[in-house]
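Fold and contact review
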Amino acid sequence: MNPTLYNMALVMHIVGITVMAGATLIEYVTFRQFWKTVAVDQAQGAVVWETISNYQKMMGIGMLIIILGGVGMMYYLHEAWGAQLWFRIKFGLVILVIFNGLGIRRILGSRLNKLIINMGTAFQATQSTRRVRSSIQIVHLIQLLLFLAIYILSIYKFT
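Described below are features of the structure shown in this document.

Rules behind the numbers
- Residues numbered from 1 in each chain as written.
- Predicted model: local features only at pLDDT ≥ 70, side-chain atom pairs only at ≥ 80, totals over all residues.
- Heavy atoms only, no water.
- Helix = DSSP H or I, 4+ residues; strand = E, 2+ residues; numbered from the N terminus.
- Buried < 20%, exposed > 50% of the residue type's maximum accessible area, 1.4 Å probe, protein only.
- Contact = heavy atoms within 4.5 Å.
- Areas by Shrake-Rupley, 256 points an atom, 1.4 Å probe, with all protein chains shown as cover.
- Lys, Arg positive; Asp, Glu negative; His and termini not counted.
- Charge placed at Lys NZ, Arg CZ, Asp CG, Glu CD.
- Phe/Tyr/Trp six-rings, centres within 6.5 Å; stacked < 30°, edge-to-face > 60°.
- Core = buried A, V, L, I, M, F, W, Y, C linked by side-chain atoms within 4.5 Å.
- Salt bridge = Lys/Arg side-chain N within 4 Å of Asp/Glu carboxyl O.

Right, let's talk about the overall build of the protein chain for a bit. Broken down by element type, the protein chain carries 4 helices and 0 strands. Along the protein chain, helices (α) and strands (β) appear in the sequence α-α-α-α when read from the amino end. Expressed as lengths along the three principal axes of its C-alpha atoms, the size of the protein chain is roughly 60 × 25 × 20 Å. Scored against the burial criterion, the 159 residues of the protein chain give a buried share of 37%. Across the protein chain, the fraction of contacts at a sequence separation of at least 24, relative to all contacts at a separation of at least 6, is 83%. Summing over all exposed atoms, the protein chain offers an accessible surface of approximately 9,100 Å²; the carbon and sulfur share of this is 69%. For the protein chain, the separation between the mean place of its 13 positive charges and that of its 4 negative charges on side chains is 8 Å.

A separate point is the packing of aromatic side chains. All chains considered together, the criterion is met by 7 aromatic pairs. With a centroid separation of 5.9 Å and an interplanar angle of 80 degrees, the aromatic rings of F31 and W35 are classed as edge-to-face. Taken together, the residues span about one helical turn, with F31 and W35 both in helix α1 (residues 3-40) at a distance of 4 residues. The two residues F31 and W35 agree in class, both being buried. Plain terms: the ring middles of F34 and W35 are 5.1 Å apart, the flat faces sit at 70 degrees to each other, and that makes the pair edge-to-face. Take F34 and W35: they sit in the same class, and that class is buried. A connected cluster of aromatic rings, assembled from ring pairs, spans F31, F34, W35 and W49.

Attention now moves to the nonpolar core. Ranked by size, the top nonpolar core spans 17 residues in total, and within it M20, M63, V97, F147 and I150 carry the most contacts. Looking at this core, the elements with two or more residues in it are α1, α2 (42-81), α3 (85-119) and α4 (127-155). When residues of this core are assigned to their parent elements, the largest contribution, 6 residues, is made by α3. Setting aside residues no more than four positions away along its own chain, I150 makes contact with I17, K90, L93, V94 and V97.

What follows concerns the pattern of salt bridges. Under the defined criterion, the tally for this structure stands at 1 salt bridge. In this structure, R105 and E27 form a salt bridge, with 3.0 Å as the shortest nitrogen-oxygen distance. Residue R105 is located in helix α3, and its partner E27 is located in helix α1; the two are separated by 78 residues in the primary sequence. The pair formed by R105 and E27 is uniform in burial state, with each residue classed as buried.

By themselves, these figures tell us nothing about what the structure is for.
Here you go:
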């Protein structure tokens, strides 16, 4: 692999992280709007919820780009980075991002979707919906903190 291909892989990796982090931030903001909207107009809340559901696809695409770019970079620099502590921590954080964002968040979103469908037009903030809402907010905040840590580790590559 030549340096040009390495740089292309690096760009892919950065774009993937940015797509995932951006989708997480937008989902967090839109999710807050969903709760405000659904309390007033359930039909409009359903539209906002449909929009939120599409963000998971963007996160999946971002993750695919991260993995492809990361594999390309590791192919080129595996001996240089693979043994460094900052890289091992970053790799662990990326695994946590996958687990938290595409695992836990998806499960919580499915639970909320079932609650919304079961309530239909009589949507109410029940204890179950408040618990799921709170859990999703925690997932979003953890996700954003993980992305911040990944960016910091990527910039300040300590040994």
